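Structural overview for review
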Amino acid sequence: MAQDSYNFSAGPAMLPSEVKLQAIEELGRNGRDGFSVIEISHRSDRFLGILEDTEHRLRRLLSVPDDYKILFVSGGASMQFSMIPYNFLNNGDSADFIVSGYWSEKAAKEAAKCGRANLIFDGSSDGFKTLPNPQDIVCDPKSRYLHYCSNETIHGLEFTDVPKGSIPVVCDASSNILSKPIGVDRHSMVYAGAQKNIGPSGISVVVIKDEFMKSALPNRLAYMDYRLLAETLSMPFTPNTWGIFLVGLVCEWIESQGGTVAMEERNSLKSGLIYDVIDESREFYLGHAVEDFRSRMNITFKLEREEMEVSFLKEAELNGLHGLKGHRSIGGIRASMYNAFPVEGAERLAEFMREFRLKHS
Ligand code: PMP
């Protein structure tokens, strides 16, 4: 059904309306049929059931093999930028990094505080417009892991395949997890902050292979130690119970829509509608990423005449198209369309972009 306004926020991003209604209903629970999940013990049978159910749904949706744990960690993906090197890198150790944009660069900088961050690809010199070819990736066999970001939310670049590392591969999938089948089994760890495709902010999902987890450094601070998180069902402390509940609802919604394969079809359709307008615009709109590496989640572009971007954003708002301003680090326009974003919203943006071009060229 067509809406009055569409939310292109990069994150925290829109949730499916069905999930929001269920959340409202949950918050209204009081009295004889129990209290709402936000106000009950994380050790209660009800919450433990929710935790188990959410884990099972994620395991099914992501095809997680049995020898991987799924952890719910408080904090965003940036917390993982710190936790991963803290758990795996000693002073003398190194990790390999594919630096393909703002977020993987941050991850590498954080890791360099614990050990050596080898940049085996660095796209900064061309303003992060390209990704490496899988056959060009050569890891240092002595490095503890290879880290990459499967979708650069700010620059709008997305890997179409998992980089082949001869060492454990760790992926920041914050902005494209559950948007397509991602091949968890080809990684030693996949992590994602929830606020784009899985739920609210303040919680991350970490999928980690047992063998990799066991290779972590000994004697880590308890609450930053993946092993303790795994042993305690993600609850060495009070977890973000409301966040986990919402993640479960979002997973249920994705399953009801046909899972990650259906999500991939829809996401390709939505992003294709906008890339078509960019490509037919004779450089009125200038896409940021090189074509083969374009993200289906975050479409980033500039206007040929940069001074027109202010009117583009203003007119877009008047047309009910919100949250299109690019990240402060690169400017321009960014249309983020995660799983919950409806096809009609993409159609509306495509139509607006065509009209704007006709009016202003
Ligand atoms: N990685 C990626 C790919 C992101 O898009 C973001 C946030 N936009 C982060 C990491 C950091 O997430 P948080 O702010 O939740 O720590």
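All values derive from a computational prediction rather than experimental measurement. All chains use their own residue numbering, which begins from 1 and follows the written sequence. Totals for whole chains, interfaces and linings use every residue, but because this is a predicted model, local features are given only for residues with pLDDT of at least 70 and side-chain atom pairs only at 80 or more, for both listing and counting. Side-chain metrics rest on all non-hydrogen atoms present in the structure, leaving aside hydrogens and water.

Before going further, it helps to spend a moment on the sheet that holds strand S2 (residues 68-74). Taken together, seven strands build an open sheet; the order of strands is S2-S10-S9-S8-S5-S3-S4 and the sheet is mixed. The sheet is open, and its two borders are formed by S2 and strand S4 (116-122), each paired with just one other strand. In this sheet, adjacent strand axes meet at a mean angle of 20 degrees when their direction is disregarded. For two strands to be treated as a pair, DSSP must find no fewer than two bridges joining them. Helix and strand definitions here come from DSSP, where helices need a minimum of 4 consecutive H or I residues and strands a minimum of 2 consecutive E residues; each element is numbered from the N-terminal end. Judged from the four bridges that link them, strand S5 (residues 146-149) and strand S8 (residues 169-172) form a sheet pairing that is parallel. If you follow His-147 over to S8, its bridge partner there is Val-170. Two residues form a contact once any of their heavy atoms are found within 4.5 Å. Note on geometry: axes are C-alpha line fits, over the in-contact stretch for helices, and angles between N-to-C directions span 0 to 180 degrees. Sheet strands in contact with helix H2 (residues 45-61) are S2 and strand S10 (203-209), and its direction is about 125 degrees off that of S2.

Our focus in this paragraph is the packing of aromatic side chains. Stacked, edge-to-face and tilted labels apply to pairs of Phe, Tyr and Trp rings (six-membered ring for Trp) whose centres lie within 6.5 Å, assigned for plane angles under 30 degrees, over 60, and everything in between, in that order. Counting across every chain of the model gives 21 aromatic pairs. Taken together, a centroid distance of 5.2 Å and an interplanar angle of 65 degrees make the contact between Phe-312 and Phe-352 edge-to-face. Of the two residues, Phe-312 sits in helix H9 (residues 309-318) while Phe-352 sits in helix H10 (residues 343-360), which places them 40 residues apart along the sequence. Residue exposure (1.4 Å probe, protein chains only): buried if accessible area is under 20% of the type maximum, exposed if over 50%, otherwise partly exposed. For Phe-352, a relative accessible area of 5% gives the class buried. Each residue in the set Phe-284, Tyr-285, Phe-301, Phe-312, Phe-352 and Phe-356 is aromatic and connected to the rest through ring pairs, giving one cluster. Charge-over-ring contacts are defined here by two conditions on Lys NZ or Arg CZ: a distance within 6 Å of the ring centre and an angle within 35 degrees of the ring normal. Between the NZ or CZ atom of Arg-220 and the centre of the ring of Tyr-86, over which it lies, the distance is 4.5 Å.

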